[in-house]
Amino acid sequence: MHTTGHRQDSAPKVTAVLGPTNTGKTHFAIERMLAHKSGMIGLPLRLLAREVYDRIVTLRGPGEVALITGEEKIVPKNPRFYVCTVEAMPLDISVACLAIDEIQLCADPERGHVFTDRLLHARGTQETMFLGSDAMRGVIQRFVPRAWFISRARFSDLAYTGAKKLTRLPRRSAVVGFSAEDVYGIAEVIRRQRGGAAVVLGALSPRTRNAQVELYQSGDVDFLVATDAIGMGLNMDVDHVAFAARDKFDGVRMRPLLPQEAGQIAGRAGRYMNDGTFGVTGDCEPFEDELVQRVETHRYDPVRVLQWRNAALDFRSLAALNDSLDLPPPERGLTRARLASDALALKILSQDDEIKALAASRDRVGRLWDVCQLPDFRKLSTDEHVKLVKTVFLFLGSDGGVIPDDWLARQIARADVTEGDVATLSGRLAMIRTYTYAANRAGWTRDAAHWQGLTRAVEDRLSDALHQALTQRFIDRRTSVLMKHLRDDEFGSLALDEAGGVSIGGEAIGRLDGFRFVPDPRATGLHGRTLRAAALRGLESEIAARSATLAAADDTAITLSEHGKLWWDGAIVARLAAGPSPLTPQVEVLADAHVKTEALQARLQAWMTARIAARLGPLLALRDAADARTGTPGALPGEARGIAHQLAENFAALDRAALKETLPEKLGPQIRALRPFGVWFGRRNVYLPKLLRPDAAGLLTLLWGVWTRHDAPPAPPAPGLTSFALDKDTDTGPLHAAGFAVFAHRAIRFDMLERLEDELEKALASGMDAEALLTHIVSLLGSGKEEARAVLAELGWRAVEVAGAKPVWRKVREKPARRAEPKKPRQPEPLPDPDSPFAALAALRGR
């Protein structure tokens, strides 16, 4: 994790915590919020808001936490912390710390304008946090220039495993569809063929959703079928995510999933330190290689435009209100959001004579706008929704000024029926959610507490009934218990399915993950040891067959992750460890103790050696030339051998200043000797330009992390970047291995640094004025002017005044070193082996 940014001490701190899924952003924000005297967090889903509320209540007690969503309000007398949906945040309440989750939804066509308003205007008095995708970094820098950035890396690997049939999906899989019909259809197939599945949709109440998730978490079912609501921070123990479709309806049209949307959903696989996989199933087309790479490396196109709608509304008249909603964005980078259901209802009702007559004052226009924001939970039609909005507004505009008790009671009674199938109960739940929302609006009912309690009770009953209906429809309850199959004479019933699942007598006991048996987490104690013993006896032939298959596998079947793990056939089979030299890492096979790994070790070590040779060929050639004995063909002369050996030992990058004392004044012979190997002697660095390519730089960064024994190998710089800002505490070791030098907390790729100093010298020769040159340098670095000045100063350049002309940049001459006092001669050290690469350098030092 590293931070970047600028902030004046007197200004409240604004922090953007950015990264892919499974980085602990929400947990981090909750801990930070609870460290303040008061706080508020806005979340994208009511389900997630309820989950976070329950977590904080456990930590702090119900008297300190309020829950505020459109349909539910739990507000104690003096709450310190508020958990809300983003739309329902009471921004008139001042809190010390304010956080917004999933801030990348600023770009969402339907809800984005609300998130954009929070990004631009919602602030805590001491600290504000925005949590979301790293694709938001640039646009947050633009609109919140004083923001600090905290980048969080994913805790675990995420790998694509291709297409699998529903019948071959591994256990602990989540299958994702994009409509209720798709979800129900997939769940039916899984019930028939795999025993059952839990179901999660965004339209479920928190009570139903929690009950369904508990079925999955407890192991009653091994599969979860969900809509893309699963991508919004709902945390479950999912090992594999399978996409059943790649197109979704975005409120206007069917369109393909964007790469960042696919990544958000796929990222639900593998929680905390557990690695995860994703793929496709059913009729879904396999992912293209480019999309797979983006999802696995979490690199997406930056968000450039935010959805925006004017929040400073004019309630003087219906026409004024409509005009204020139609105002264009005030600046570039914002685009006017499409017509939402509230604005559409307002436009339609503005043409209604009855409404126009009633909404004739500022207060009435404001009240109409409040009613127009009644959510369309029922999704019947626009006309039906507008009709309901009109009815409620006419009630509120009548002499009574509230919704009549008898009318509201009749509507609730119509919904309060717990008999019916899944579709019928879902419709009634949507209906009661509408009246729950109305009951929670201030001033809409005569006795708010009564109607809130009544609607909540009806929602709970319907939620329980819907959970029972879903369970009966999509789950085939277990008909036998596992223990009866654990007798010694029943170990022969062990079976292995194509997804790696291991079962005894049809009951799951674990899975074979590569060459390791991973027991079912529900099996503990004697039960667990018995299962493991049975599995290991029964899996010997399968493990031997897998070993033979891997030994003969094509190189393309093996992949290396950025965390230094080797994947094969959808499983991690080995990891890298430090070897005898930086360019020869050791491959450690991950297998159970009884597995013979000699052949696996040889195959994977050969693959890794070939991988390094393919990507780092010039460096290996240089190393071999440095190791050749004097007088043999291809051997380098003395000083050049020493330089080549150091390049091989230091990941193809040397600081030229550090070599200054051991190198002769003129490097002509060394440069000529090393030039055929692609070595470039720059002003400040000695390096191999061919190894600045992203594939080579990424491998060098990984090898640096392995050699230096970092628990989590650092991620390489993003492909295409030649300069970027750093936190002052950033480790520069991996950056140097990737071909970057650091000046004034800014990483600059070696070739860009050479170009930068070329431009400085050309400008000096031509007399270009300092300001014009600084503008050019800013363009090269992609930085601000102050950052560029700091870089130039650290490089030894400063702007100087010129008589009768504009200031120019000039190189500051270094002061000559003071002559050292002569020292007493010391005893000479023993001469090294004349064939050693350092023999010549040692001789130079002795001159």
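Just so it is clear, the structure is predicted and the values come from calculations on it, not from any experiment. (Residues numbered from 1 in each chain as written. Predicted model: local features only at pLDDT ≥ 70, side-chain atom pairs only at ≥ 80, totals over all residues. Heavy atoms only, no water.)

Observations concerning the overall build of the chain
What counts is decided by this rule: Strands are runs of DSSP state E lasting at least two residues, helices are runs of H or I lasting at least four, and both sets are numbered from the N terminus onward. Note on areas: Shrake-Rupley with a 1.4 Å probe; residue coverage comes only from the protein chains shown.
Along its length, the chain carries 29 helices and 35 strands. Total accessible area on the chain stands at roughly 40,300 Å², and carbon and sulfur atoms take up 52% of it.

Concerning helix α19 (residues 598-615)
Basically, it comes down to this: Given a helix with a known number of residues, its expected span is that number minus one, times 1.5 Å. Relative accessibility thresholds used throughout: buried, under 20% of the residue-type maximum; exposed, over 50%; partly exposed, between the two (1.4 Å probe, protein chains only).
Between its terminal C-alpha atoms α19 stretches 26 Å, which fits the 26 Å expected from 18 residues at 1.5 Å a residue. Taken residue by residue, α19 has Leu-600, Arg-603, Leu-604, Gln-605, Trp-607, Met-608 and Ile-612 as its buried positions.

With respect to the side chain of Gln-212
The cut-off we apply is this: Under the rule applied, a polar contact is a pair of N or O atoms within 3.5 Å (in protein, one hydrogen donor and one hydrogen acceptor; residues adjacent in sequence only if both atoms are side-chain atoms). It only takes one pair of heavy atoms within 4.5 Å for two residues to be counted as in contact.
Locating Gln-212 in the fold gives a position in helix α6 (residues 206-217). Residue classification places Gln-212 among the buried residues on the basis of a relative accessible area of 0%. For Gln-212, the side chain forms a polar contact with the side chain of His-467, separated by 2.9 Å. Apart from the residues within four sequence positions on either side, Gln-212 is in contact with Ala-198, Val-199, His-467, Leu-470 and Thr-471.

Examining the pattern of salt bridges
For the record, the criterion: Should a side-chain nitrogen of Lys or Arg be within 4 Å of a carboxyl oxygen of Asp or Glu, the pair is scored as a salt bridge.
Counted under the stated rule, the structure contains 53 salt bridges. Ionic pairing is found between Arg-60 and Glu-64, a salt bridge with its closest N-O pair at 4.0 Å. One salt bridge in this structure joins Arg-546 and Glu-542, with 2.9 Å as the shortest N-O distance. Of this pair, Arg-546 and Glu-542 both sit in helix α18 (residues 540-551), four residues apart, which is roughly one turn of the helix. In this structure Arg-546 comes out as buried when scored by relative accessible area, which is 14%. Looking at Glu-542, the relative accessible area reads 25%, which means it is partly exposed. Counted as one network, the salt bridges with shared partners bring together Arg-46, Arg-50, Asp-54, Glu-71, Glu-72, Arg-207, Arg-433, Arg-456, Glu-459, Asp-460 and Asp-464.

Observations concerning the sheet that holds strand β30 (residues 685-687)
For clarity, the cut-off: We treat two strands as partners when DSSP finds at least two bridges between them. Lines fitted to the C-alpha atoms define the axes, with helices restricted to the stretch that makes contact. Angles between their N-to-C directions range from 0 to 180 degrees.
The strand order across the open sheet built from three strands is β28-β30-β29, with neighbouring strands paired in antiparallel fashion. Across the chains shown, the open sheet's two edge strands, defined by having one partner strand only, are β28 (653-655) and β29 (680-681). Pairing geometry for β28 and β30, over three bridges, is antiparallel. Across the sheet, residue Leu-654 finds its bridge partner in β30, namely Val-686. In the packing of helix α21 (residues 638-649) onto the sheet, contacts are made with β28, β29 and β30, and the angle to β28 comes to roughly 115 degrees. Most of the contacts of helix α26 (residues 750-766) go to β30, to which it runs at about 135 degrees, and overall it touches β28, β29 and β30.

Points about the nonpolar core
Under the convention used in this document: Among buried residues, those of type Ala, Val, Leu, Ile, Met, Phe, Trp, Tyr and Cys that are joined through side-chain atoms within 4.5 Å constitute a nonpolar core.
Core analysis: the largest hydrophobic core is formed by 63 residues, its most contacted members being Tyr-184, Ile-190, Leu-346, Leu-368, Cys-372, Ile-403 and Trp-444. Per element, the largest residue contribution to this core is 10 residues, and it comes from helix α15 (residues 422-439). Ignoring any residue separated from it by four or fewer positions in sequence, one finds Leu-368 in contact with Leu-318, Leu-346, Leu-349, Ile-355, Ala-359 and Phe-393.

Here we look at the sheet that holds strand β32 (residues 740-743)
The sheet built from three strands is open, its strands ordered β31-β33-β32 with antiparallel pairing. What marks the edges here is a single partner per strand, and that holds for β31 (723-725) and β32. Between one strand and the next, the sheet's axes are offset by a mean angle of 20 degrees, whatever the strand orientation. Where β32 meets strand β33 (residues 746-749), four bridges bridge the pair, whose relative direction is antiparallel. Within β33, the position partnered with Ala-741 by the bridge is Ile-748. On the sheet, helix α28 (residues 785-795) packs against β31, β32 and β33 and is oriented at approximately 100 degrees with respect to β32.

Comments concerning the packing of aromatic side chains
Selection criterion: Stacked, edge-to-face and tilted labels apply to pairs of Phe, Tyr and Trp rings (six-membered ring for Trp) whose centres lie within 6.5 Å, assigned for plane angles under 30 degrees, over 60, and everything in between, in that order. Geometrically, a charge over a ring is one whose NZ (Lys) or CZ (Arg) sits within 6 Å of the ring centre while staying within 35 degrees of the ring normal.
Using the criterion set out here, one finds 11 aromatic pairs in the structure. Here Phe-278 and Phe-287 contribute two aromatic rings whose centre-to-centre distance is 6.1 Å and whose plane-to-plane angle is 45 degrees, an arrangement assigned as tilted. Under the relative-accessibility criterion, Phe-278 is labelled buried at 0%. Looking at Phe-287, the relative accessible area reads 7%, which means it is buried. Arranged with centres 5.1 Å apart and planes meeting at 50 degrees, the rings of Tyr-687 and Phe-750 form a pair that is tilted. Of this pair, Tyr-687 sits in strand β30 while Phe-750 sits in helix α26, placing them 63 residues apart in sequence. Members of the aromatic cluster, each reached through a chain of ring pairs, are Tyr-160, Phe-243, Phe-278 and Phe-287. One cation-aromatic arrangement involves Lys-13 over Trp-148; the distance from NZ or CZ to the ring centre is 5.7 Å. Over the ring of Trp-444 we find Arg-441; its NZ or CZ atom is 5.8 Å from the centre of that ring.

Description of a nonpolar patch on the surface
For clarity, the threshold we go by: Patch rule: a residue counts if its relative accessible area is over 30% and it has no salt bridge; like charges are joined within 9 Å, and nonpolar side chains (Val, Leu, Ile, Met, Phe, Trp, Tyr) within 5 Å.
The grouping of Leu-339, Leu-344 and Ile-348 at the surface amounts to a nonpolar patch, some 230 Å² of accessible area in total. Counting through the fold element by element, Leu-344 comes out in helix α10 (residues 341-349).

What to know about the side chain of Asp-101
Put simply, the rule reads: In this tally, Lys and Arg are treated as positive and Asp and Glu as negative; His is ignored, and so are the chain termini.
Examined against the element boundaries, Asp-101 turns out to sit in the loop between β7 (97-100) and α3 (112-121). Here Asp-101 is buried and forms no salt bridge, its nearest opposite-charge partner Lys-25 lying at an N-O distance of 6.5 Å. Separated by 3.2 Å, the side chains of Asp-101 and Thr-26 make a polar contact. Asp-101 has contacts with Thr-26, Gly-42, Leu-43, Pro-44, Leu-48, Phe-115 and Leu-131, leaving out every residue within four places of it along the chain.

Digging into the environment of Ser-173
With respect to the helices and strands, the residue Ser-173 is situated in strand β11 (residues 173-176). Judged by its relative accessible area of 0%, Ser-173 falls in the buried class. In this structure the C-alpha to C-alpha distance between Ser-173 and Asp-237, which are 64 residues apart in sequence, comes to 9.0 Å. Ignoring anything within four residues of it in the chain, the contact list for Ser-173 reads Tyr-216, Asp-222, Phe-223, Leu-224 and His-240.

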